[in-house]
Structure formats: structure tokens, C-alpha cells
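Residue-level listing of the chains:
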Amino acid sequence: MPQQHPDLQHVHHELMEIAKETQDVSKTKYTTKDIQHLQNKLHHIDEKYREGIIDDRDTNNPEDDPYV
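What counts, and at which threshold
- Residues numbered from 1 in each chain as written.
- Predicted model: local features only at pLDDT ≥ 70, side-chain atom pairs only at ≥ 80, totals over all residues.
- Heavy atoms only, no water.
- Salt bridge = Lys/Arg side-chain N within 4 Å of Asp/Glu carboxyl O.
- Helix = DSSP H or I, 4+ residues; strand = E, 2+ residues; numbered from the N terminus.
- Expected span 1.5 Å × (residues − 1).
- Buried < 20%, exposed > 50% of the residue type's maximum accessible area, 1.4 Å probe, protein only.
- Arc of directions from axis to C-beta.

Turning our attention to the pattern of salt bridges. Applying the stated criterion across every chain yields a total of 2 salt bridges. The salt bridge involving Lys20 is made with Asp24; its shortest N-O contact spans 3.0 Å. Placement of the pair is Lys20 and Asp24 together in helix H1 (residues 6-26), with a separation of 4 residues, close to one helical turn. A salt bridge links Glu21 to Lys41; its shortest N-O distance comes to 2.4 Å. Of this pair, Glu21 sits in helix H1 while Lys41 sits in helix H2 (residues 32-50), placing them 20 residues apart in sequence.

If you want it as C-alpha cells, here you go:
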């Protein structure tokens, strides 16, 4: 997936790491703490996005949905 914005490249990398961790955890006996750790990582990324730190929307298109 080609990314142009450095912040988006970083987020893409973080999400890929979380996906790998999720796969690894799913193959073992996991705890609530393991799941909370992964959820916290995703929440942190979502917070940055909602605060506008990460924003790849088209500012000229008011219908551009950031979650699509």
C-alpha cells in the first residue's frame, strides 16, 4: 500500500505490528491483559487521528469520510 505522508507511513507500520501481535496472541493462551494491551495501542492511534494529528482527508471534499 503506497503511502505518501510520513505520519501515515508510521501509522501503517504501527497497525501492521498490531496485526502481527494479534496473530501471535491468537495462537497462545492469552489473558485479558494481552487484549487490553492491543486495544490500548489501537486506541492511541485512533486518538491521534481524531485530534487531527493524522489526517489524510481531502480538505476540498466535505464528504470525505476519515473512517472509510
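Continuing now.
For H2, spanning 19 residues, the distance from its first C-alpha to its last is 26 Å, which sits close to the expected 27 Å at 1.5 Å a residue. Looking only at H2, the buried set comprises Leu38, Ile45, Lys48 and Tyr49. All buried residues of H2 lie within an arc of 120° about the axis, which places them on one face of the element. Seen from the open side of H2, the exposed residues pointing more than 90 degrees away from its buried face are Thr32, Lys33, Asn40 and Arg50.

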